[in-house]
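Survey of secondary and tertiary structure
Residues per chain are reported as follows:
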Amino acid sequence: MDDHAKSLFSVQAEFRTLFHTVDDSLVKEKTDDFAKKLSLVEGTILDTFRELRFRRNFSAFVLLLFSGMAVVLFLLIRPKE
């Protein structure tokens, strides 16, 4: 996650330094480039969140599966009265 934060900070820093130039056309031209870079960073961050959501859901599924198996095993091995 640090790589994503560093990438975002780098793009933001480059964008801020762009405004120190006097050339308006250069600022307008470079703004599109920075928008594309930010879209890429946002895409990787969204992919990371999707992966984390999948892992959370899969972990919950595995927990429920093993809990169910433990209940069934308990019911099968308990002594009959």
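Structure: above.
The present account deals with the structure reproduced in this document. (Residues numbered from 1 in each chain as written. Predicted model: local features only at pLDDT ≥ 70, side-chain atom pairs only at ≥ 80, totals over all residues. Heavy atoms only, no water.)

A few points about the overall build of the protein
Helix and strand content of the protein: 2 helices and 0 strands. For the protein, whose C-alpha radius of gyration is 26 Å, the value lies well above the compact-globule estimate of 12 Å for 81 residues. Principal axes of the C-alpha set define a box for the protein whose edges measure 90 × 15 × 10 Å. Here the protein, with 81 residues, has 6% of them falling under the buried criterion. Only carbon and sulfur atoms are counted for the fraction: they give 65% of the accessible area of the protein, which is about 7,200 Å². Across the protein, the centroid of the 12 positively charged side chains sits 10 Å from that of the 12 negatively charged ones. (Helix = DSSP H or I, 4+ residues; strand = E, 2+ residues; numbered from the N terminus. Rg over C-alpha atoms; globule rule 2.2 N^0.38 Å. Buried < 20%, exposed > 50% of the residue type's maximum accessible area, 1.4 Å probe, protein only. Areas by Shrake-Rupley, 256 points an atom, 1.4 Å probe, with all protein chains shown as cover. Lys, Arg positive; Asp, Glu negative; His and termini not counted. Charge placed at Lys NZ, Arg CZ, Asp CG, Glu CD.)

Details of helix α2 (residues 24-77)
Compared with an ideal rise of 1.5 Å per residue, which puts 54 residues at 80 Å, α2 spans 79 Å between its outermost C-alpha atoms and is within 8% of the ideal. All of the buried residues in α2 are Val27, Phe34 and Val41. Buried residues along α2 sit against α1 (2-18). (Expected span 1.5 Å × (residues − 1). Contact = heavy atoms within 4.5 Å.)

Details of the packing of aromatic side chains
The tally for this structure, following the rule as stated, stands at 1 aromatic pair. Arranged with centres 6.0 Å apart and planes meeting at 20 degrees, the rings of Phe54 and Phe58 form a pair that is stacked. One end of the pair is Phe54 and the other is Phe58, both in helix α2 and 4 residues apart, which spans about a single turn. Using a relative accessible area of 54% as the deciding quantity, one classes Phe54 as exposed. (Phe/Tyr/Trp six-rings, centres within 6.5 Å; stacked < 30°, edge-to-face > 60°.)

Structural notes on the packing of α1 against α2
α2 packs onto α1 with a crossing angle of 170 degrees between their chain directions and a minimal axis gap of 10 Å. On the basis of the axis angle, α1 is roughly antiparallel to α2. Residues His4, Ser7, Leu8, Val11, Glu14, Phe15 and Leu18 of α1 form the contact with α2, whose participating residues are Leu26, Val27, Lys30, Thr31, Phe34, Lys37, Leu38, Val41, Thr44, Ile45 and Thr48. A breakdown of the residues in the contact of α1 with α2 according to their chemical character gives 10 nonpolar, 5 polar and 3 charged. (Axes fitted to C-alpha atoms, helices over the stretch in contact; angles between N-to-C directions. Parallel < 35°, antiparallel > 145°, perpendicular 65-115°, else oblique. Nonpolar A, V, L, I, M, F, W, Y, C, P; charged D, E, K, R; others polar.)

Focus: the pattern of salt bridges
Considering all chains together, one arrives at 3 salt bridges under this definition. Ionic pairing is found between Arg50 and Asp47, a salt bridge with its closest N-O pair at 2.5 Å. Of this pair, Arg50 and Asp47 both sit in helix α2, 3 residues apart, which is roughly one turn of the helix. What makes Arg50 partly exposed here is its relative accessible area of 46%. By relative accessible area, Asp47 is classed as partly exposed at 44%. Arg55 serves as the salt-bridge partner of Glu51, at 3.1 Å between the closest nitrogen and oxygen. With Glu51 and Arg55 both in helix α2 and 4 residues apart, the pair spans about one turn of that helix. (Salt bridge = Lys/Arg side-chain N within 4 Å of Asp/Glu carboxyl O.)

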